[in-house]
Amino acid sequence: MISREARILDTLGAQGSVQVAELARDLDVSEVTIRKDLDALERRQLLRRTRGGAVPPERGDEGAFRDRLQRDSAAKRAIAVEAARLVADGDVIALDTSSTAHYLALELLHRQGLVVITQSLPTASVLMERSDARVIMPGGTLRRESSGLVGPITDALVGRGRVHKAFVGVVGLSPERGLLELATDEAVSKQALVAATDEVHGLFDSSKVDGFALHSFARADQVTSLITDADASDDFVEEWRAVGVPVARVALPDAQTTGTAPVTARAETASRRLTLKEHR
């Protein structure tokens, strides 16, 4: 189910502006609820409030995360819905600074008793405002491009117990090099998360299949599963399965895919769970 905030951002992206009264009618909620939603989105710098509505935020260096959040948003939401199935009440999880992990946070707002380790300022804010999760931010240096903290965080994680599951985005990936980042500081942060985590799940839209990046933060044998959309090729899936990593491809609702036939989330999930058992 698509969150109300995601629908607001989709409408804003399509129309260039939104009005409180129209959103309340279309989403079947009160205008008071919509105003609260818009105020929360503005605090996370995802839009700018105007009289009676909202418009896109002003662009600048800080706009990179906002731009990524809106790019391929349907695929990222579908991936987040699939990833949310892996999270149970009371889990200790890590969410990186990727936009797909942020969409996952929106899917987990009603989980109970989560402990969430994240260096993403937008993700920490939404969890603090709208869930009962205990949010832990290990610290670091603020990186404007990701709206998150980066740098060595090993000291903040070692000796404090294990993280059950980490959900991480990628810039690129390959069975030979594993999961890859372009920026060194992002890779260093993710390496520390991977080292402290029992399960590592890569979340990415299919455009990252051909992405180029320099720095590995997780070897293939450290990856539990990959979740992407249905446009990822059969060859890509088989390459990763050959090294013991299952790939779930999630079909987009009412979407036309190219390159490969749509794959239903149910069938792919069943295959992934079977392979996970073999992987363990």
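Residues numbered from 1 in each chain as written. Predicted model: local features only at pLDDT ≥ 70, side-chain atom pairs only at ≥ 80, totals over all residues. Heavy atoms only, no water.

As annotated in an unreviewed UniProt entry, the protein chain carries the name HTH deoR-type domain-containing protein and is attributed to Agrococcus pavilionensis RW1.

By size, the foremost hydrophobic cluster in this structure holds 43 residues, and its most contacted members are I34, L38, L95, L104, F167 and I227. Structurally, this core is a two-domain feature, drawing no fewer than three residues from each of domain 1 (4-55) and domain 2 (65-250). For L104, the contacting residues outside a window of four places in its chain are A80, A83, A84, L95, F167 and L203. V168, V170, A187 and V223 belong to the second-largest nonpolar core, a separate cluster that totals 20 residues. (Core = buried A, V, L, I, M, F, W, Y, C linked by side-chain atoms within 4.5 Å. Buried < 20%, exposed > 50% of the residue type's maximum accessible area, 1.4 Å probe, protein only. Domains from an automatic or database assignment. Contact = heavy atoms within 4.5 Å.)

For the structure on display, the rule yields 15 salt bridges. With its nearest N and O atoms 2.5 Å apart, the salt bridge here joins R4 to D37. Within this pair, whereas R4 is found in helix α1 (residues 4-15), its partner D37 is found in helix α3 (residues 31-43), the two being separated by 33 residues in sequence. On the basis of relative accessible area, D37 is assigned to the buried category, the value being 8%. For D26, the salt bridge goes to R25, with nearest N and O atoms at 3.5 Å. There is no split in this pair, since D26 and R25 are both exposed. By sharing partners, the salt bridges in this structure join D96, E181 and K190 into a single network. (Salt bridge = Lys/Arg side-chain N within 4 Å of Asp/Glu carboxyl O. Helix = DSSP H or I, 4+ residues; strand = E, 2+ residues; numbered from the N terminus.)

With twelve residues, α1 ought to run about 16 Å at 1.5 Å a step, and its terminal C-alpha atoms sit 16 Å apart, in line with that. Listed as buried for α1 are E5, A6, I8, L9 and L12. Looking straight down α1, one finds that the buried residues subtend no more than 160 degrees of arc, so they occupy a single side. Exposed residues lying more than 90 degrees from the buried face of α1 are A14 and Q15. The first or second residue beyond α1 is G16, which carries a positive phi of 85 degrees. (Expected span 1.5 Å × (residues − 1). Arc of directions from axis to C-beta.)

The next thing to look at is the packing of α1 against helix α2 (residues 20-27). Running from amino to carboxyl end, α1 crosses α2 at an angle of 130 degrees, the nearest separation of the two axes being 12 Å. Here α1 is positioned oblique relative to α2, judged by the angle of their axes. Both α1 and α2 take part in a crossing whose hand is right-handed. Residues R4, R7, I8 and T11 of α1 form the contact with α2, whose own contacting residues are L23, D26 and L27. Taken together, the residues of the contact of α1 with α2 sort by class into three nonpolar, one polar and three charged. (Axes fitted to C-alpha atoms, helices over the stretch in contact; angles between N-to-C directions. Parallel < 35°, antiparallel > 145°, perpendicular 65-115°, else oblique. Left-handed = near helix turned anticlockwise from the far one by under 90°. Nonpolar A, V, L, I, M, F, W, Y, C, P; charged D, E, K, R; others polar.)

In this section: helix α6 (residues 99-107). Extensive coverage of α6 is indicated by the burial of eight of its nine residues. Every buried residue of α6 is listed here: S99, T100, A101, H102, Y103, L104, A105 and L106.

Burial runs high along strand β9 (residues 163-168): five of the six residues are buried. In terms of strand pairing, strand β4 (residues 92-95) meets β9 through three bridges, oriented parallel. For I93, the partnering residue across the bridge sits in β9 and is K165. (Pairing = 2+ DSSP bridges.)

If you trace the backbone, L23 turns up in helix α2. Given a relative accessible area of 4%, L23 falls into the buried group. Taking the C-alpha atoms as reference points, L23 and R7, 16 residues apart in sequence, are found 9.4 Å from one another. Sequence-distant contacts of L23, that is, excluding residues within four places in its chain, are made with I8, T11, V18, D28, I34 and L38.

Further remarks concern a nonpolar patch on the surface. There is a patch of nonpolar side chains on the surface, built from L121, M137 and L142 and spanning about 240 Å² of accessible area. In this fold, M137 is placed in the loop between β6 (134-136) and β7 (141-143). Using a relative accessible area of 33% as the deciding quantity, one classes M137 as partly exposed. (Patch = residues over 30% accessible without salt bridge, like charges linked within 9 Å, V, L, I, M, F, W, Y side chains within 5 Å. Areas by Shrake-Rupley, 256 points an atom, 1.4 Å probe, with all protein chains shown as cover.)

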